[in-house]
Amino acid sequence: MYPTFVDTPGMSHGANYSGAQVRPPPPVVDPRTVADALVSLALRPRARIFIGSPARPAILAHALAPDLLARGMKWLTDRALQRAKPAERTDGNLFEASRGNAIDGGFRSSDARASAAMTIGMGAAAIGALALAGGWAIRQRDRT
């Protein structure tokens, strides 16, 4: 049903006007899962959809402290762009069709290190979400 895995450097199909070699932050959701979610939205429209387990801590953090989450995400994005290697600006497939049929960009890895890093990242996100929840609960208690 889907094309086979093709390892391509960077996000080869997307436009990039940042001047930096961009990479998605881990953990990366399988593009097939994202495609299935988009099809489900076309068949049953709804205002939002959350895809994969990485969304769970973000949902909680956004519910408890949306401004803090937004500032944190901006800080992480700025740091990543500052540390990224320079890259040519490109339109990707914004104005013309892609030159291939790969759907994977080579960002997901099945080795043990990537799995451990994802587990640590998810744990850190969950701890951060719990800390935000605790801080919010303390503020609410102190207001009353």
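Residues numbered from 1 in each chain as written. Predicted model: local features only at pLDDT ≥ 70, side-chain atom pairs only at ≥ 80, totals over all residues. Heavy atoms only, no water.

**Structural notes on the overall build of the protein**
A count of helices and strands for the protein gives 4 helices and 0 strands. Beginning at the N terminus, the succession of helices and strands in the protein can be written as α-α-α-α. Put simply, 84% of the contacts in the protein that link residues at least 6 apart link residues at least 24 apart. Total accessible area on the protein is roughly 10900 Å²; 62% of this is exposed by carbon and sulfur atoms. (Helix = DSSP H or I, 4+ residues; strand = E, 2+ residues; numbered from the N terminus. Contact = heavy atoms within 4.5 Å. Areas by Shrake-Rupley, 256 points an atom, 1.4 Å probe, with all protein chains shown as cover.)

**Structural notes on the confidence of the model for the protein**
Mean pLDDT over the protein works out to 77, with 76% of the residues at or above the 70 mark. No element of the protein has a lower mean pLDDT than helix 4 (residues 112–143), which averages 71, and none a higher one than helix 1 (residues 31–43), which averages 92. Considering only residues more than four positions removed or in separate chains, one finds that residues 1–10, a stretch of pLDDT under 50, has 18 contacts. (pLDDT = per-residue confidence, 0-100.)

**Side note on a nonpolar patch on the surface**
Residues Tyr17, Leu94 and Phe95 make up a contiguous nonpolar surface patch of about 380 Å² in total accessible area. Relative to the elements of secondary structure, Tyr17 occurs in the segment before helix 1. (Patch = residues over 30% accessible without salt bridge, like charges linked within 9 Å, V, L, I, M, F, W, Y side chains within 5 Å. Salt bridge = Lys/Arg side-chain N within 4 Å of Asp/Glu carboxyl O.)

**Quick notes on the pattern of salt bridges**
Considering all chains together, one arrives at 3 salt bridges under this definition. Between Arg32 and Asp30 there is a salt bridge, with its nearest N and O atoms 3.0 Å apart. Of the two residues, Arg32 and Asp30, both sit in the buried class. The closest approach of N and O atoms between Asp142 and Arg141, which form a salt bridge, is 3.6 Å. The class for Arg141 is exposed, based on a relative accessible area of 57%. (Buried < 20%, exposed > 50% of the residue type's maximum accessible area, 1.4 Å probe, protein only.)

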